[in-house]
Amino acid sequence: MGFTTREWRALRALRTPVGIQRALEAMPYHVGATAWSPRRVLREETAHCLEGAVFAAVALRALGFPPLLLDLEAVQDTDHVIAVYRQRGHWGAIGKSNFSGLRYREPVYRSVRELVVSYFENYVNLRGERTLRAYSRPINLARFDRTHPGWMTSADDLWWIPERLVRVPHTRLLPEAVIRSLTRVDRRSLTAGLVGYREH
């Protein structure tokens, strides 16, 4: 896939989805307007949400999983991108986030929607508003091997990935009546979500 032997071994050494998540947790959160390739993330040892998800998807690919990304769409907040995978018929996720509750999910969810709903309570902005509203279908990054050859090891930013994610049809998570009745999270929950938060 274009990686050096050393890089490939580093990806394979992660061994499991939770191993990939631990590697992301060991990386400082990258505050920057970039869209680094997985090779760049390996070399810099830092990533933000998008970069972490793309890195995780490619690491999953190295372990034999399809490299799937899913976009979580929010209002009055930023979108969040996660790498998703299936084991024994159940969905799990790997993520890099500035918010502590928007990261790893064990593969225990029977559907993509069920997985997405697990992020709802933790998906809040700095005002404590619950902001998650929609989600995309999983996108297999392997489809871009022909149209963007060498993308996994590119020195250029991969802005075409988030541009593609934004254009994918999204499924609404909540009916309007439910949205109107949403409350803010309490201060304690917001404080817990901000553990390790890095200012932009």
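Residues numbered from 1 in each chain as written. Predicted model: local features only at pLDDT ≥ 70, side-chain atom pairs only at ≥ 80, totals over all residues. Heavy atoms only, no water.

Student: I would appreciate a short explanation of the overall build of the protein in the present structure.
Tutor: Of regular secondary structure, the protein possesses 8 helices and 7 strands. In summary, the protein has a C-alpha radius of gyration of 16 Å against a globular reference of 16 Å for 200 residues, a match within 12%. Across its three principal axes, the protein shows a C-alpha extent of roughly 55 × 30 × 30 Å. Looking at the protein residue by residue over its 200 residues, the buried ones come to 51%. Taking contacts inside the protein between residues at least 6 apart in sequence as the whole, the part at least 24 apart equals 61%. (Helix = DSSP H or I, 4+ residues; strand = E, 2+ residues; numbered from the N terminus. Rg over C-alpha atoms; globule rule 2.2 N^0.38 Å. Buried < 20%, exposed > 50% of the residue type's maximum accessible area, 1.4 Å probe, protein only. Contact = heavy atoms within 4.5 Å.)

Student: What exactly am I supposed to notice about the environment of Y123 here?
Tutor: Relative to the helices and strands, Y123 is located in the loop between helix 5 (112-117) and strand 5 (132-136). The exposure class of Y123 is buried, given its relative accessible area of 2%. Linking Y123 and T183, residues 60 residues apart in sequence, is a C-alpha distance of 13 Å. Setting aside its immediate chain neighbours within four residues, Y123 contacts L72, A74, D77, T78, D79, H80, L102, E129, R130, T131 and L132. Reaching out from Y123, the side chain makes a polar contact with the backbone nitrogen of H80 at a distance of 3.1 Å. (Polar contact = N/O pair within 3.5 Å; in protein donor to acceptor, adjacent residues only side chain to side chain.)

Student: I'm lost on the pattern of salt bridges in this one. Help?
Tutor: For side chains of opposite charge, pairing can occur when their charged atoms come near one another. Considering all chains together, one arrives at 10 salt bridges under this definition. For E121, the salt bridge identified is with R130, shortest N-O distance 3.1 Å. Here E121 falls in the partly exposed class, since its relative accessible area comes to 47%. Looking at R130, the relative accessible area reads 14%, which means it is buried. Residues joined in a network through salt bridges with shared partners are E7, R39 and R43. (Salt bridge = Lys/Arg side-chain N within 4 Å of Asp/Glu carboxyl O.)

Student: I'm lost on the layout of surface pockets in this one. Help?
Tutor: The method is simple in principle: a probe with the dimensions of a water molecule rolls over the atoms, and the space it marks as empty is what remains. A volume near 220 Å³ is recorded for the second largest pocket. Contributing to the lining of the second largest pocket are E7, A10, L14, A23, A26, M27, V41, L42, R43, E45 and F55. Looking at the lining of the second largest pocket, the elements that each hand over two or more residues are helix 1 (5-12), helix 2 (17-26) and helix 3 (38-44). If one sorts the elements of the lining of the second largest pocket by residue count, helix 3 sits on top with 3 residues. (1 Å grid on protein atoms, 1.4 Å probe; cavity = no way out; pocket = protein on both sides within 12 Å on 5 of 7 lines; lining within 4 Å. Points joined across faces, edges and corners; volume = space filled by probe spheres on them.)

Student: Before we go on, may I ask you to explain the packing of helix 1 against helix 4 (residues 49-62) in this structure?
Tutor: Between two packed helices, what matters for the description is the angle formed by their axes and the separation of those axes. At their nearest, the axes of helix 1 and helix 4 sit 8 Å apart, and the two run at 90 degrees to each other. As far as their axial angle goes, helix 4 and helix 1 are roughly perpendicular. Mapping the contact onto sequence places W8, L11 and R12 in helix 1 and F55, V58, A59 and A62 in helix 4. Classifying every residue of the contact of helix 1 with helix 4 gives 6 nonpolar, no polar and 1 charged. (Axes fitted to C-alpha atoms, helices over the stretch in contact; angles between N-to-C directions. Parallel < 35°, antiparallel > 145°, perpendicular 65-115°, else oblique. Nonpolar A, V, L, I, M, F, W, Y, C, P; charged D, E, K, R; others polar.)

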